[in-house]
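# Descriptive structure summary
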Amino acid sequence: MKKHNYSAGPSILPQEVFEKASKAILNFNDSGLSILEISHRSKDFVAVMDEARSLALELLGLTGKGYQALFLQGGASTAFLMAPYNLMKENGKAAYLDSGTWATAAIKEAKYFGETVVVASSKEENYNHIPKGYTIPSDADYFHCTSNNTIFGTQMKDFPATNVPVVCDMSSDIFSRNLDFSKFDLIYAGAQKNMGPAGATLVVVKEDILEKSGRTIPSMLDYAKHIKAESMYNTPPVFAVYVSLLTLQWIKEKGGVAAVEKLNDAKADLLYTEIDRNPLFKGAAAVEDRSNMNVTFLLNNADHTETFDALWKAAGISGLPGHRSVGGYRASIYNAMPIESVQVLVDVMKALESKV
């Protein structure tokens, strides 16, 4: 039976990517060697890294605009501390928007480095919306936000205009929609949602914001050192970078981020329309802030849980239960999720309605 993978991450990747990656495990580039065993300094892998870094910038519209792309390790959780280490000046301060669990984690790390101003928070409402109407201090060293909240199913639709550098954690919606990415000075994203397997972290940084903090930064946490080493300061996550490249190539072949966004809009519209139409369900997030990547919803009557769970499991759906912070269900409909799989879930929701 075909499986419909709604896991929040690690998550679904394109079938073509799985097929190419599996072949490379046995024989990469007709070298007779596996991608898992080749040297990261080999000509073949250096070409992979160079193309992945270049293609990331191309898809974001940042080629030739003073940005560098890096593939690092440690996930967004390490980027939480790398951002203040590289950007917050000694005795400086940073501004943060608290819109969810991962924003809270980033704030915790920033507080180790200096004054951390939380400009707004939706914590009291269990992060069911994106805070709005806040002011960013003009003397902040940077402003940090999280574009999409995987757990709570909210997504920033607009970003504030500010004169301070903007840092954004785009782990769960990178490459899913068209934005003016030149408005951001530092973007980071764990690969395991829209880009590749767990193990790589994409960093896109504007070079001219670096080396101004006045801090002595440990080498592995210094973005400038990683740039100088062409994202090879230490052994990179070879396989994760390779699969990320395959996914970036897939996005380009689809027509780029703008084309993928149209597909994502259609998938989200299909599912949210059923949630709003079906009297047995309700959405968990504020309508105006609903995520196109992570759709959170609840049963209006918990007595229907057993029946609904049996239906979606029988349909081959996997990874649908919501995070414990929200409950209910979470359908993660990342770039690689086909609209046909979303239709399967919608059909199951309709089937429940006809049963009860």
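Residues numbered from 1 in each chain as written. Predicted model: local features only at pLDDT ≥ 70, side-chain atom pairs only at ≥ 80, totals over all residues. Heavy atoms only, no water.

Rule in force here: UniProt positions are given in the numbering used here, feature names are shortened, and annotations may be inferred rather than shown by experiment.
Looking at an unreviewed UniProt entry, the protein chain carries the name Phosphoserine aminotransferase, with the source organism given as Flavobacterium psychroterrae. The record in UniProt for the protein chain states the following under Subcellular location (unreviewed entry): "Cytoplasm". On record in UniProt, under Function (unreviewed entry), the comment for the protein chain is "Catalyzes the reversible conversion of 3-phosphohydroxypyruvate to phosphoserine and of 3-hydroxy-2-oxo-4-phosphonooxybutanoate to phosphohydroxythreonine."

## Focus on the pairing of strand E9 (residues 186-190)
The following threshold applies: Only protein chains enter the accessibility calculation, which uses a 1.4 Å probe. A residue is then buried if its area is under 20% of the maximum for its type, exposed if over 50%, and partly exposed in between. Where helices and strands are cited, they refer to DSSP runs of H or I of at least four residues and of E of at least two residues respectively, numbered from the N terminus. Strands are treated as partners if at least two bridges between them are detected by DSSP.
Summarising burial for E9: 5 of the 5 residues are buried, a large majority. Side chains of E9 alternate between two faces, with Leu-186, Tyr-188 and Gly-190 and Ile-187 and Ala-189 buried alike. Both strand E8 (residues 166-169) and E9 contribute to a ladder of 3 bridges, which runs parallel. Looking at the pairing, Val-167 lines up with Leu-186 of E9.

## Regarding the pattern of salt bridges
Our working definition: One side-chain nitrogen of Lys or Arg within 4 Å of one carboxyl oxygen of Asp or Glu is enough to make a salt bridge.
A full pass over the atoms with the stated rule returns 9 salt bridges. For Arg-177, the salt bridge identified is with Asp-173, shortest N-O distance 3.0 Å. The exposure class assigned to Asp-173 is buried, which follows from its relative accessible area of 3%. Each of Glu-274, Arg-277 and Glu-353 takes part in a single network of salt bridges with overlapping partners.

## A short note on the packing of aromatic side chains
Using the following cut-off: Each aromatic pair joins two rings of Phe, Tyr and Trp (for Trp, the six-membered one) with centres within 6.5 Å, and gets the label stacked for planes under 30 degrees apart, edge-to-face for over 60, and tilted for any other angle.
The full count for this structure, using the stated rule, is 12 aromatic pairs. Relative to Phe-297, the ring of Phe-281 lies with its centre 5.8 Å away and its plane at 65 degrees, an arrangement referred to as edge-to-face. Pair noted here: Phe-281 is in strand E11 (residues 281-283) and Phe-297 is in strand E12 (residues 294-299), with a separation of 16 residues, a long-range link. Taken individually, Phe-281 and Phe-297 each receive the classification buried, so the pair is uniform in this respect. Each ring, one from Phe-308 and one from Tyr-329, has its centre 4.9 Å from the other, and the planes form 90 degrees; the classification is edge-to-face.

## Focus on helix H9 (residues 339-355)
For the α-helix, the turn length of 3.6 residues means that residues three or four positions removed from each other point alike. Basically, it comes down to this: The span you would expect from a helix comes to 1.5 Å times its residue count less one. Comment: arc refers to directions from the helix axis out to C-beta atoms.
In this model H9 runs 24 Å from its N-terminal to its C-terminal C-alpha over 17 residues, within 8% of the 24 Å that 1.5 Å per residue would give. Restricting attention to buried positions, one finds in H9 the residues Ser-341, Val-342, Leu-345, Val-346, Val-348, Met-349 and Leu-352. What you see down the axis of H9 is that its buried residues fit within an arc of 150 degrees, all on one side. Counted as exposed and oriented over 90 degrees from the buried face of H9: Glu-340, Ser-354 and Lys-355.

## Focus on the domain arrangement of the protein chain
For clarity, the threshold we go by: These domain limits were set by an automatic method or by a database of domain assignments. Residue contacts follow a heavy-atom distance rule, with two residues in contact if any of their heavy atoms lie within 4.5 Å. Buried area counts how much accessible surface, traced with a 1.4 Å probe, disappears from two parts once they are put together, with both parts' losses summed.
Examined at the domain level, the protein chain breaks down into domain 1 (15-253) and domain 2 (256-355). Spacing between the C-alpha centres of domain 1 and domain 2 amounts to 27 Å. Facing 27 residues of domain 1, the contacting portion of domain 2 comprises 25 residues. Summed over both sides, the interface between domain 1 and domain 2 buries roughly 2100 Å², with carbon and sulfur atoms accounting for 52% of that surface.

## As for helix H6 (residues 238-254)
Look at H6: 25 Å from first C-alpha to last across 17 residues, which is about the 24 Å you get at 1.5 Å a residue. Burial analysis of H6 places 13 of its 17 residues in the buried class, which makes it a mostly covered element. Looking one or two places after H6, you find Gly-255, whose phi comes out positive at around 115 degrees.

## Brief notes about the layout of surface pockets
Our working rule: Whether a set of points on the 1 Å grid over the protein atoms alone is a cavity depends on a 1.4 Å probe fitting there but being unable to get out, while an open set qualifies as a pocket with protein on both sides within 12 Å along at least five of seven lines; lining residues are those with an atom within 4 Å of a point. Grid points are joined across faces, edges and corners, and a volume is the space filled by probe spheres set on the points. Throughout this entry, Asp, Glu, Lys and Arg are counted as charged residues, while Ala, Val, Leu, Ile, Met, Phe, Trp, Tyr, Cys and Pro are counted as nonpolar. The remaining residues, Gly among them, count as polar.
Each pocket or cavity is described by its volume, and for the largest pocket that value is around 340 Å³. Residues of the lining of the largest pocket, tallied by class, amount to 7 nonpolar, 11 polar and 3 charged.

## Observations concerning the nonpolar core
How we decide: Definition used in this section: a nonpolar core is a set of buried Ala, Val, Leu, Ile, Met, Phe, Trp, Tyr and Cys residues joined via side-chain atoms within 4.5 Å.
Counting 59 residues, the largest nonpolar core has Phe-71, Phe-143, Phe-175, Leu-202, Val-204 and Leu-248 as its most contacted members. Considering each element in turn, this core owes the most residues, 10 residues, to H6. Residues in contact with Leu-248, not counting those within four places in the same chain, are Ala-52, Leu-55, Ala-56, Leu-59, Phe-71, Phe-175 and Met-195. If you look at the next biggest cluster of nonpolar residues, it comprises 28 residues, including Ala-79, Phe-113, Leu-210 and Tyr-223.

## Focus: the pairing of strand E10 (residues 201-206)
Of all the 6 residues making up E10, 5 are buried; the element is thus mostly covered by neighbouring parts of the structure. Bridge count for strand E2 (residues 67-72) against E10 is 6 bridges, and the pairing is antiparallel. Each residue of the ladder has a partner; that of Phe-71, found in E10, is Leu-202. Sheet topology note: the E9/E10 ladder contains 5 bridges and is antiparallel.

## Regarding the side chain of Asp-222
Summarising the element assignment, Asp-222 is placed in the loop between E10 and helix H5 (223-228). Dropping the residues within four chain positions of it, Asp-222 is found in contact with Met-82, Asn-86 and Ile-217.

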